[in-house]
Amino acid sequence: MTTTPQAARRASPRTRRPATPTAPDPAAGLLPRTEPVRLLNPDGTLLPARADYPEPPVEALREMYRRMVVGRRFDAQATALTKQGRLAVYPSSRGQEACQVGGVLALRDDDWVFPTYRESMALTARGIDPVEVLTLLRGDWHCGYDPAQRRTAPQCTPLATQCVHAAGLAYGESYQGRDTVALVYIGDGATSEGDFHEGVNFAAVFKAPVVYFVQNNRYAISVPLSRQTAAPSLAYKGVGYGVPSEQVDGNDPMAVLAVLTRAVEHARAGKGPFLVEAHTYRMEPHTNADDASRYRDADEVEAWRDRDPLTRLETYLRGRDVLDDAAVAEITEQAETYAAQLRERMNTQPTVDPLSLFDHVYAEPTAQLVEQREQVRAELAAAAEEDA
């Protein structure tokens, strides 16, 4: 049989054209796992070890448990203070203790935290005086603590604005040769805001060492997640900016600490920002002024009660014989003492100078601010004369 030149070329490997090289996957190393990272089952039993997220040291987990217990008691006490008229408003973070404490424990003391209004528990876990934390919610000062001293930005009420602030600070720290990391707490609703996208994009372009930590607690006030995004998960929002992302079971304290530790290490190593989405649930209403029964039913809340992060971690630590009844009782007593001291101090009516409203607004007061201060001063003087 005669072989045609064309057939011979097809048969000979030396005459074949080289295969077209495969283009690199632009999402390689950026996409989160398809399922949230989990190291502990809801019943507190340990899942098989994984190389990408090793188990944190047991000492760190025990300290995490202690801070979560104290944090939950603080949260309950702060909620009670609103009912007593001692606080104007309080956004509870009950159910999100693993996220609140895990974010703090993943950082060094000289790193920065950029909180939302819901991060009161995280700030107390960072060691900030609880009365100073609640001062803003009490309504008698700009910010109860010194942000520069505490390396903690003021609690942010406008959604997502702290995303831009953190990117700028982290870039400035990096520019000056420091390996400071900024961790930004944000909620699921904040990912729909322009400042979130601008902050993440800036941090990605300039490789600012920022960890964007999204606590997806299912509701932005009364708006469910399904009305916020059509993405498979909020973690995928980082991919469009070239930011590696991960999703984690936010009610698994071990997994939260492991994932955030890796994210912080990534940022500190000069590799740029990292985005983490924690799947968790807000057990209480949005604030004490909210009626959550209008938009979610009791069965949903009860289902999440079975995923309690505190119970999950306590069960695991008891199984490792590093926590027993005596230790739990001691930590519970610490939490009660903490709450009692807070209650006593908050029941003392603060002495307020109305003119202090104008302090610390600008380094150099503007002409308008000076004029407004003088108007208030005149009104106070007139009122004092009438009372005399």
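The following refers to the structure shown. All of these numbers come straight from a predicted model, not from anything done at the bench. (Residues numbered from 1 in each chain as written. Predicted model: local features only at pLDDT ≥ 70, side-chain atom pairs only at ≥ 80, totals over all residues. Heavy atoms only, no water.)

**Some details on the overall build of the chain**
Link 1 in the chain: Across its full length, the chain holds 13 helices and 7 strands.
Link 2 in the chain: Projected onto the principal axes, the alpha-carbon positions of the chain cover approximately 125 × 60 × 45 Å.
Link 3 in the chain: Within the span of the chain, comprising 388 residues, buried residues form 45% of the whole.
Link 4 in the chain: Looking at the chain alone, contacts between residues at least 24 apart form 75% of all its contacts between residues at least 6 apart.
Link 5 in the chain: One finds the centroid of the 42 positive side-chain charges in the chain at a distance of 11 Å from the centroid of its 54 negative side-chain charges. (Helix = DSSP H or I, 4+ residues; strand = E, 2+ residues; numbered from the N terminus. Buried < 20%, exposed > 50% of the residue type's maximum accessible area, 1.4 Å probe, protein only. Contact = heavy atoms within 4.5 Å. Lys, Arg positive; Asp, Glu negative; His and termini not counted. Charge placed at Lys NZ, Arg CZ, Asp CG, Glu CD.)

**What about helix 9 (residues 253–268)?**
Link 1 in the chain: Taking 1.5 Å per residue as the helical rise, helix 9 with its 16 residues ought to reach 22 Å, and the 22 Å between its terminal C-alpha atoms agrees with that figure.
Link 2 in the chain: The element helix 9 is extensively covered by neighbouring structure, given that 12 of its 16 residues are classed as buried.
Link 3 in the chain: All of the buried residues along helix 9 are Pro253, Met254, Ala255, Val256, Leu257, Ala258, Val259, Leu260, Ala263, Val264, His266 and Ala267.
Link 4 in the chain: Buried residues in helix 9 make contact with helix 2 (58–83), helix 3 (97–105), strand 3 (210–216), strand 6 (245–249), strand 7 (274–279) and helix 11 (309–319).
Link 5 in the chain: The backbone nitrogen of Met254 lies 3.1 Å from a side-chain oxygen of the residue at the head of helix 9, namely Asp252.
Link 6 in the chain: One or two residues past the end of helix 9 sits Gly270, with phi positive at roughly 85°. (Expected span 1.5 Å × (residues − 1). Polar contact = N/O pair within 3.5 Å; in protein donor to acceptor, adjacent residues only side chain to side chain.)

**Digging into the packing of helix 5 (residues 130–138) against helix 12 (residues 325–346)**
Link 1 in the chain: Put simply, helix 5 and helix 12 touch, their axes get as near as 11 Å, and they point 45° apart. The orientation of helix 5 relative to helix 12 falls into the category oblique. Crossing of helix 5 against helix 12: the hand is right-handed. Facing helix 5, whose interface residues are Pro130, Val131, Leu134 and Arg138, helix 12 presents Tyr338, Leu342, Arg345 and Met346.
Link 2 in the chain: Classifying every residue of the contact of helix 5 with helix 12 by side-chain character gives 6 nonpolar, no polar and 2 charged. (Axes fitted to C-alpha atoms, helices over the stretch in contact; angles between N-to-C directions. Parallel < 35°, antiparallel > 145°, perpendicular 65-115°, else oblique. Left-handed = near helix turned anticlockwise from the far one by under 90°. Nonpolar A, V, L, I, M, F, W, Y, C, P; charged D, E, K, R; others polar.)

**Observations regarding the packing of helix 2 against helix 12**
Link 1 in the chain: Close contact between helix 2 and helix 12 brings their axes to 9 Å; oriented N to C, the two are set at 35°. Handedness of the crossing formed by helix 2 with helix 12: right-handed. Contacts between helix 2 and helix 12 involve Arg62, Tyr65, Arg66, Val69, Val70, Arg73, Phe74, Gln77 and Leu81 from the former and Ala327, Val328, Ile331, Thr332, Gln334, Ala335, Glu336, Tyr338, Ala339, Leu342, Arg343 and Met346 from the latter.

**Things to note about the pattern of salt bridges**
Link 1 in the chain: All told, the structure shown has 22 salt bridges when counted by the stated rule.
Link 2 in the chain: When salt bridges with common partners are traced through the structure, they connect Arg33, Arg50, Asp52 and Glu246 into a single cluster. (Salt bridge = Lys/Arg side-chain N within 4 Å of Asp/Glu carboxyl O.)

**Description of the pairing of strand 2 (residues 182–187)**
Link 1 in the chain: For strand 2, the buried fraction is high: 5 of the 6 residues fall into the buried class.
Link 2 in the chain: As defined by bridge partners, strand 1 (residues 112–114) adjoins strand 2 across 3 bridges and the pair is classed as parallel. The partner of Phe114 across the bridge, within strand 2, is Val184.
Link 3 in the chain: Both strand 2 and strand 3 contribute to a ladder of 6 bridges, which runs parallel. When the bridges of strand 3 are listed, Ala182 appears paired with Val210. (Pairing = 2+ DSSP bridges.)

It is worth stressing that arrangement in space is one thing and function is another; only the former is reported here.
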